[in-house]
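Here is how the chains run, residue by residue.
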Amino acid sequence: MKITKLLTVLFAVVLLFNMSSCTSDSAEFEMSPITYQNGYFISNEGNFNSQGAKVTFLTRDLSMKQDDVYGYNNNKEILGDVLQTIGLNGNKAYLVINNSNKIVVVDRYTFKKLAVITDQIDNPRGIAFTNDFIYVANLNFSTNATSVTKYKVSDYSFVSKITMTGGADKTVEAGGNVFVQNATSGFGNMITYINTSNDSKTEITIPNGKINSTISYKSNVYTVSSTATDSYIYKITSTGAMTPVITLTGIPSATNLQIDNDKIYFSSANKVYTTGLAAPTVPASPLLTAADGGPYFTLYGFNVIDGRIFASDVKQFTAESEMVIYSAATGSKMGSVKTGGLGANGTFLNPQ
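Residues numbered from 1 in each chain as written. Predicted model: local features only at pLDDT ≥ 70, side-chain atom pairs only at ≥ 80, totals over all residues. Heavy atoms only, no water.

Turning next to the overall build of the chain. From N to C terminus, the chain includes two helices and 30 strands. Rg of the C-alpha trace for the chain: 19 Å, near the compact-globule value of 20 Å for 352 residues, within the 12% margin. Overall size of the chain, expressed as C-alpha extent along the three principal axes, is 55 × 50 × 35 Å. When the 352 residues of the chain are sorted by exposure, 55% land in the buried category. (Helix = DSSP H or I, 4+ residues; strand = E, 2+ residues; numbered from the N terminus. Rg over C-alpha atoms; globule rule 2.2 N^0.38 Å. Buried < 20%, exposed > 50% of the residue type's maximum accessible area, 1.4 Å probe, protein only.)

What follows concerns the pattern of salt bridges. When the charged atoms of two side chains lie near each other, side chains of opposite charge can form a pair. Counted by the stated rule, this structure contains eight salt bridges. Ionic contacts of the salt-bridge type, sharing partners, join the residues D313, K315 and E322 into one network. (Salt bridge = Lys/Arg side-chain N within 4 Å of Asp/Glu carboxyl O.)

V55, L79, L83, I86, L95 and F111 are the most contacted members of the largest nonpolar core, which has 17 residues in total. Going through the elements one at a time, β4 (54-59), α2 (69-73), β6 (83-89), β7 (92-97) and β8 (102-107) are the ones with two or more residues in this core. Of all the elements, β7 adds the most residues to this core, at three residues. If near-sequence neighbours (up to four positions away) are discounted, I86 is found in contact with F41, S43, V55, A93, Y94, L95 and F348. Among the nonpolar cores identified, the runner-up in size contains 15 residues, and Y217, V224, A254 and L257 belong to it. (Core = buried A, V, L, I, M, F, W, Y, C linked by side-chain atoms within 4.5 Å. Contact = heavy atoms within 4.5 Å.)

Before going further, it helps to examine the side chain of N73. Position of N73 among the secondary structure elements: in helix α2. With residues near it in sequence (within four places) discarded, N73 still touches Y36, T110, F111 and K112.

Further remarks concern the confidence of the model for the chain. A residue-level look at the chain finds 91% of positions with pLDDT of 70 or above and a mean pLDDT of 92. In the predicted structure, residues 7-24 sits below a pLDDT of 50 and forms 28 contacts with residues beyond four places in sequence or in another chain. (pLDDT = per-residue confidence, 0-100.)

Looking at the secondary structure, you find G343 in the loop between β29 (333-338) and β30 (344-350). Sequence separation between G343 and T318 is 25 residues, and the spatial gap between their C-alpha atoms is 8.9 Å. Contacts of G343, omitting those with residues within four sequence positions, involve S43, N44, E45, Y300, V314, F317 and S321.

Time to look at the sheet that holds strand β26 (residues 302-305). Spatial ordering of the open sheet is given by β26-β27-β28-β29, a layout of four strands whose pairing is antiparallel. Lying at the two open borders of the sheet, with one neighbouring strand each, are β26 and β29. Averaged over all pairs of adjacent strands, the angle between their axes in this sheet comes to 20°, without regard to strand direction. Of the strand pairs in this sheet, β26 and strand β27 (residues 308-313) are connected by four bridges, and their pairing is antiparallel. Counterpart to N303 in the pairing with β27 is F310. (Pairing = 2+ DSSP bridges. Axes fitted to C-alpha atoms, helices over the stretch in contact; angles between N-to-C directions.)

A word on unusual backbone geometry. Within the chain, N131 stands out as a residue other than glycine whose phi angle is a positive 55°. Looking at the element boundaries, N131 is found in the loop between β10 (124-130) and β11 (133-140). Backbone geometry places K315, a non-glycine residue, at a positive phi of 50°. Position of K315 relative to the elements: it lies in the loop between β27 and β28 (322-327).

This part is about the pairing of strand β21 (residues 242-248). Here strand β20 (residues 231-236) runs beside β21; their pairing, made up of six bridges, is antiparallel. Pairing of K235 across the sheet is with T243, part of β21. Remark: five residues form the turn of the hairpin made by β20 and β21, two consecutive strands paired antiparallel; G240 in that turn has positive phi of roughly 100°.

On to the environment of M64. In this structure, M64 sits in strand β5 (residues 64-66). The exposure class of M64 is partly exposed, given its relative accessible area of 23%. Placed 210 residues apart in sequence, M64 and T274 show a C-alpha to C-alpha distance of 29 Å.

Looking at the secondary structure, you find T223 in strand β19 (residues 220-226). Of the polar contacts made by the side chain of T223, one reaches the backbone oxygen of S213; its length is 3.0 Å. (Polar contact = N/O pair within 3.5 Å; in protein donor to acceptor, adjacent residues only side chain to side chain.)

By the definition in use, this model includes eleven aromatic pairs. For the pair F41 and F57, a centre-to-centre distance of 5.7 Å together with 55° between the ring planes defines the contact as tilted. Here F57 lies in strand β4 and F41 lies in strand β3 (residues 39-44), a separation of 16 residues in the sequence. Centre to centre, the rings of Y151 and F158 are 5.8 Å apart; their planes meet at 65°, and the pair counts as edge-to-face. Site record: aromatic cluster; members linked through ring pairs are Y36, F41, F57 and F111. Seen from the ring of F133, K150 lies directly overhead, with NZ or CZ sitting 4.2 Å from the centre. (Phe/Tyr/Trp six-rings, centres within 6.5 Å; stacked < 30°, edge-to-face > 60°. Lys NZ or Arg CZ within 6 Å of the ring centre and 35° of its normal.)

What follows is the structure in C-alpha cells.
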C-alpha cells in the first residue's frame, strides 16, 4: 500500500506552538494494509462527466494520508462521476455519486465495496440515517424532479419515495427525524421536516434571505441564510419548531455553517467567523481569511472537526485540490495536504 508520510514533527510543532504557516517535503513508502478508522475521509468531487470521484484518507494525527482509497481497495475500480458527499452509519460509509446516479456502500474500516444502491436514485445530493432506514435527497436539474427516496439499512432495498417542493440538497437527521434543505446554489428558502414515524412532511419557510447551508448538532438543526447585506442563523428543533439564533448584521452572503464544541463557524466570501452558540454575538472581525478562489470556488469544502477547520482550495477545478487546516481556536494555519483529486468538497471524521 502506497502511503504518503507527512512531516510528523511539523504538525507536532504546529500543535504545540500554533505556528501560522509551514512547508515540508513528504515521502511515499509501502506498508502493510491498514484500517481507515480514527481519521478523516476527504471527498473529491471531480470534474463533471470525468469519472473523477475519489476519496483520500488522512490520519487523525495528520501524519499520513492515502489517495484514492476506493480504487486501491477495489481492484482499481473507478468510483464514478461527482462525489457529492459521504454518509457514515454503523460500520459502513455511503458514497453519494451524483452524476452516476448511485450510492456506493463500503466498509468504513477497509473501504471494500459492499453494495451499490441505484433503484430510484436520480442525481443524489444528500443522505441521512435513522430508525434503520436510509433517506436520500435527489435533485435532477435537467428534469426538475426532486424527491427523497427511502431504503432499508438491512438490505438496501427501496421502500418509498417522498416528493419535494423546490430543490432537495443537504439532508440531516435530528432527534430521529429527517430535514431536507430545499435550496441549492443560493436559491430557495425552505426546509422540509420529515416525521419518520409516518414519513409525513412539513415545509418550513426561513423568513429572511436564501438558505446556504444546513447542519445537525445535538439533536437540533441549524441553517444559515443571507442577503447581499446581512445574514441569519436559525435553529429548528427535532419536532420542526423554528427560532432565530442571531441576525448577522453587516455580514453579507454567509455560507458554510458549522458548529463544533458549542461554537458556531460560518464564512462570508473568503473570511471565516466564529461566535458562541449559547450567547451568540456578531463577530467584530474574522477568525481567519482564506485563499480567494473566486465566485463559486472559495472555501468550496468547509468542515470544523476536532477543533480544526478544514478548508479546501479547489483551484477552480483546474488542478489537484489543497486542504488547508487551521486551528478553530485561533485561526492560525496548522498545515495543508494535497487531496489527490479535483474539487475537494468535504472532510468527514471516521471514528474508531
